[in-house]
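These are the residues of each chain, in order.
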Protein chains: 2
Amino acid sequence: MKHRFEVLVTLRPGLLDPQGKAIEGALPAMGWTNVRDVRVGKHIALTVEADSVEAARAQVEEMARRLLSNPVIEDYRILDAREVPA
Amino acid sequence: MKHRFEVLVTLRPGLLDPQGKAIEGALPAMGWTNVRDVRVGKHIALTVEADSVEAARAQVEEMARRLLSNPVIEDYRILDAREVPA
């Protein structure tokens, strides 16, 4: 069975985020002055073929930890999976 | 009231995603051969101060369309907001 997962990789709190600051800097010129704490991270979608959703999720967890994120400076979160047609 | 939103910006289907391909290329060497269709996008978190969550969400929608994404090549999705302490 194929399962589609989404992984969110975010910079840890306290670390400087230049991309977020750039967006914050652009907002007032567009008329938005009520926005704070903009943080930019990654969104990764992928399809895993596995016997069960539990097995697929465990693998995504390991991939997120070992490949998709840098655990020193980033956190990750895995969104609920959905089954996809084979 | 302050509301924290998350915006996911993804490349439209059919468009070439070199970052996703790079991840896919790295997977077999780590023992994972059952992963397909890796797509890399952006995750943007931000705090909006507004009278209601509806007003805040409408603004995030407009920001996602006009600033955070490139509508020609990207789609966006807004995750449910949560209230944050003032």
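This text goes with the structure placed above it.
Residues numbered from 1 in each chain as written. Chains lettered and ligands numbered in written order. Predicted model: local features only at pLDDT ≥ 70, side-chain atom pairs only at ≥ 80, totals over all residues. Heavy atoms only, no water.

A word on the pattern of salt bridges. All names here are of chain A. Counting across every chain of the model gives 8 salt bridges over all chains. Its salt-bridge partner being E24, residue K21 comes within 3.9 Å of it at the nearest N-O pair. Taken together, the residues span about one helical turn, with K21 and E24 both in helix α1 (residues 18-26) at a distance of 3 residues. Among the salt bridges present, the one from E62 reaches R66, with a minimum N-O distance of 2.8 Å. Separated by 4 residues within a single helix, E62 and R66 lie in helix α2 (residues 53-68), roughly one turn from each other. You can call E62 partly exposed: its relative accessible area is 28%. (Salt bridge = Lys/Arg side-chain N within 4 Å of Asp/Glu carboxyl O. Helix = DSSP H or I, 4+ residues; strand = E, 2+ residues; numbered from the N terminus. Buried < 20%, exposed > 50% of the residue type's maximum accessible area, 1.4 Å probe, protein only.)

Turning our eyes to something else, we now look at the interface of chain B and chain A. It is common to give the size of an interface as the accessible area that goes away when the parts come together. The interface is formed by 33 residues belonging to chain B together with 33 residues belonging to chain A. When the two sides are added together, the surface that chain B and chain A hide from each other amounts to roughly 2800 Å², 60% of it contributed by carbon and sulfur. Taken together, the connections running from chain B to chain A amount to 2 salt bridges. Between A:E6 and B:R77 there is a salt bridge, with its nearest N and O atoms 2.8 Å apart. For the pair chain B and chain A, the interface holds 14 residue pairs in polar contact (both at pLDDT 80 or more). Take the side of chain B that touches chain A: its biggest share by element is 15 residues, from strand β2 (residues 35-49) of chain B. Relative to β2(B), strand β2 (residues 35-49) of chain A runs antiparallel, the two being bridged by 11 bridges. What sits directly across from A:T47, in β2(B), is B:R36. (Contact = heavy atoms within 4.5 Å. Buried area = accessible area lost by both parts, 1.4 Å probe. Polar contact = N/O pair within 3.5 Å; in protein donor to acceptor, adjacent residues only side chain to side chain. Pairing = 2+ DSSP bridges.)

Interpretation in functional terms is not warranted from these geometric data alone.
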